[in-house]
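In case you want the letters, here they are:
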Amino acid sequence: MTEIDPAVSESAVRAAREVRVVVGRLRRRFRETYDTEGLTPSQTSALSRLSKTGPASASDLAAAERVRPQSMAATLAVLEERGLIQRRRDPGDGRRQLLSVSETGQAYLEDKRRAGEEWLARALEDDYTEDERQTIIEALALLDRLTRR
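Because the structure is a prediction, the values reported are computed rather than measured. (Residues numbered from 1 in each chain as written. Predicted model: local features only at pLDDT ≥ 70, side-chain atom pairs only at ≥ 80, totals over all residues. Heavy atoms only, no water.)

With that settled, the discussion passes to the packing of aromatic side chains. Tallied over the full model, the rule gives one aromatic pair. Ring geometry for F30 against W119: centres 5.6 Å apart, planes inclined by 80 degrees, an arrangement best described as edge-to-face. With F30 in helix α1 (residues 10-34) and W119 in helix α5 (residues 103-127), the pair connects residues that are 89 residues apart, well separated along the chain. (Phe/Tyr/Trp six-rings, centres within 6.5 Å; stacked < 30°, edge-to-face > 60°. Helix = DSSP H or I, 4+ residues; strand = E, 2+ residues; numbered from the N terminus.)

Below you can see the structure in the form of structure tokens.
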């Protein structure tokens, strides 16, 4: 295990550790809240990626998800069987097929996002004061800067 640079303050190390732990817990809670279809995390990730980035080949998707093509093929087979994705020929290369999210898949993603937001909004409403919610909003703006580095 590598040591953290001693020039990094103790508070920065503690904040990094706590952010990592809390984000992991929130991801698990979101997954528990909305996964009524029984999709695995890798299936959900592939479907979400297609939704965000648009049509892609299976090999491009495997590379983006950092999995073997065989693993991606198995993931895509389940998504296709459930009607969450569709295939069509690549207009630029008729030998390739492009995968995209179907209407059913888009509805699934929208439902899962809505369920997660609803759970979180209800928890924030019930368990936090207005001042605490404003503090959370301010802290998230600071954390958002991390994503822009």
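From this point, the narrative continues.
When pLDDT is averaged across the chain, the result is 91; 97% of the residues are at 70 or more. The least confident element of the chain is α1, whose mean pLDDT is 90; the most confident is helix α4 (residues 69-81), at 96. (pLDDT = per-residue confidence, 0-100.)

Further remarks concern α5. Residues three or four positions apart in an α-helix share a direction because the helix packs 3.6 residues into each turn. Here α5 spans 36 Å end to end across 25 residues, near enough to the 36 Å set by a 1.5 Å rise per residue. Within α5, burial applies to G105, Y108, L109, K112, G116 and A123. Structurally, α5 contributes buried residues whose contacts are with α1, α2 (41-53) and β2 (93-101). (Expected span 1.5 Å × (residues − 1). Buried < 20%, exposed > 50% of the residue type's maximum accessible area, 1.4 Å probe, protein only. Contact = heavy atoms within 4.5 Å.)

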